[in-house]
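Analysis of the macromolecular model
The lines below spell out each chain.
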Amino acid sequence: MKKYLSWIVCAVLVVGSVFLSKKQTFSIAGAGNGVAEEFTTIEELGEVLAWMSEKSGNETEPVVYTESGNALAETTVKDYTSGSFRISTSFGMSQEVNFNGQEQRVGASMEREMTCYFTETASYYEVDAYIQTKSEQGEGGMYTNRATSHSTIRIKEKLYVDDTHFLVYIEEYTIAIRAKDAEGNSIDQEEINFEPIKHKWIDFSEYEDASMLELMHTVNGANFGIMTTIGSYMLQNEDEKMFYRSGDTYTLRESHGEGLVALFLGVEDVDADIPKDASLSVDFTVNLSAPKNPFISLYFDMSGEYRETIPTGVDTKSEYNSKVEAVELMQCEIFEINNTVVNMPTGTFYNPEDFDIV
């Protein structure tokens, strides 16, 4: 159960509803009493996104990378102290693999909205997500004998993180899993009752049986890593002219679309993981019409097929065939840079071991 809970938290926070809400929770986090930074060029915005790499735990100066994976030389960015971003993601993917007589189909979809407020010492998240996954595998093209698994996950929660605290406040946490083996027999799944911990601050800071605090810092870094990836493209624009400009809107040139999608998805080998003849459409824009509230939008859809002949014995070979489709819409609003405050939640903090969920 502990590993399962860790996986769910990680999946929701990393993998980024389509409509952005304007709510803020000022009792814990929100705008300070100062004046937010303004951004008039894409390079300026790239600097603040590059600075976010510090939030991943780097003790050195922020580092951003080019499409080729090389660090940008002598990247110097302005000092920032705080900021907020609201990111929403609508994502779907499916993949079908056929190898050596075995076939597997997997699919996943997610709707997620996350708001993050951060300072030099603390971060506060609000997360609302709905995830569905399905898989089936077996022999034969008609799947006459197949094992299947379907899951539905609904999460609405708040998280507070600093160097010594990891606090979770769950408003909704529902997990439903249905699985059958190749003979059609149902596979029992552990039912988890999250009701006892709803609407309470649960303190995982000293939870010795699972490295939840370490996990959260890792996940925290991954979130800022996404922003840093985007920022690296903006920082390169001055020399590489990777965007073209129309008024206050910058649009990534088509020739750089595949590289961005590969970096965004964490693909290390573009040729192997993105089929050579794949159909790929990418639309990445940055809108600076509101200087204190830059708006970023990324849409891509991809479909393709990858084939390879793989030796399976001394004189035998098998065909590996993979078909993949993926589509994502990510929208991000950045606000209150250098004017965000995060306070530690107040009230009673409960120990997770006091409840029968771990």
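Up top is the structure.
Reference entry: report on the structure contained in this document. (Residues numbered from 1 in each chain as written. Predicted model: local features only at pLDDT ≥ 70, side-chain atom pairs only at ≥ 80, totals over all residues. Heavy atoms only, no water.)

The next point concerns the overall build of the protein. In terms of regular secondary structure, the protein is built from five helices and 14 strands. Carbon and sulfur atoms form 46% of the exposed surface of the protein, whose accessible area is close to 18200 Å². (Helix = DSSP H or I, 4+ residues; strand = E, 2+ residues; numbered from the N terminus. Areas by Shrake-Rupley, 256 points an atom, 1.4 Å probe, with all protein chains shown as cover.)

What follows is about the pairing of strand S8 (residues 243–246). On a regular strand, each side chain points to the face opposite its neighbour's, so the side chains alternate between the two faces of the sheet. Bridge analysis of S8 against strand S9 (residues 249–252) gives four bridges, and the strand direction is antiparallel. Its bridge partner being in S9, Phe243 is matched across the sheet by Leu252. Adjacent in sequence and paired antiparallel, S8 and S9 are bridged by two residues, among which Gly247 carries a positive phi angle near 65°. (Pairing = 2+ DSSP bridges.)

Core analysis: the biggest nonpolar cluster contains 51 residues, and Leu45, Met234, Phe243, Phe284, Val286 and Ile296 have the highest contact counts within it. It is strand S6 (residues 166–180) that provides the largest number of residues to this core, a total of six residues. Setting aside anything within four residues of it in sequence, one finds Val286 in contact with Ile42, Leu45, Met234, Phe243, Asp248, Thr249, Tyr250, Phe295 and Ile296. Judged by nonpolar contacts, the second largest core, of eleven residues, contains Tyr117, Tyr124, Tyr160 and Phe335. (Core = buried A, V, L, I, M, F, W, Y, C linked by side-chain atoms within 4.5 Å. Buried < 20%, exposed > 50% of the residue type's maximum accessible area, 1.4 Å probe, protein only. Contact = heavy atoms within 4.5 Å.)

Let us look at the side chain of Ser90. As for its position among the elements, Ser90 is in strand S2 (residues 82–99). For Ser90, the side chain forms a polar contact with the side chain of Glu111, separated by 2.7 Å. (Polar contact = N/O pair within 3.5 Å; in protein donor to acceptor, adjacent residues only side chain to side chain.)

All chains considered together, the criterion is met by seven aromatic pairs. Arranged with centres 5.8 Å apart and planes meeting at 35°, the rings of Phe166 and Phe204 form a pair that is tilted. Residue Phe166 is found in strand S6, and its partner Phe204 is found in the loop between strand S7 (201–203) and helix H3 (212–240); the two are separated by 38 residues along the sequence. Accessibility classification places Phe166 together with Phe204 in one group, the buried group. The structure contains a cluster of three or more aromatic residues connected by ring pairs, namely Tyr117, Tyr124 and Phe335. (Phe/Tyr/Trp six-rings, centres within 6.5 Å; stacked < 30°, edge-to-face > 60°.)

Moving on: the environment of Ser90. Residue classification places Ser90 among the buried positions, given a relative accessible area of 19%. Separated by 241 residues in the primary sequence, Ser90 and Gln331 place their C-alpha atoms 9.1 Å from one another.

Right, let's get into the pairing of strand S5 (residues 145–162). Where strand S4 (residues 122–139) and S5 come together, 18 bridges link them in antiparallel fashion. The residue bridging Ser135 from the neighbouring strand is Ser149, located in S5. Pairing geometry for S5 and S6, over 14 bridges, is antiparallel. Looking at the pairing, Tyr160 lines up with Leu167 of S6. Count of turn residues in the S5/S6 antiparallel hairpin: three residues.

Before going further, it helps to spend a moment on helix H2 (residues 42–51). By the criterion of burial, H2 is predominantly enclosed, with eight of the ten residues buried. Taken together, the buried positions of H2 are occupied by Ile42, Glu43, Leu45, Gly46, Val48, Leu49, Ala50 and Trp51.

Right, let's talk about the sheet that holds strand S12 (residues 317–335) for a bit. Strands sit in the order S8-S9-S10-S11-S12-S2-S3-S4-S5-S6-S7-S14 across an open sheet of twelve strands; the sheet is mixed. The two strands at the open ends of the sheet, each matched to only one other strand, are S8 and strand S14 (349–350). Taken together, the 17 bridges between strand S11 (residues 295–311) and S12 define a ladder with antiparallel strand orientation. Among the inter-strand pairings, Pro311 is bridged to a residue of S12, identified as Lys317.

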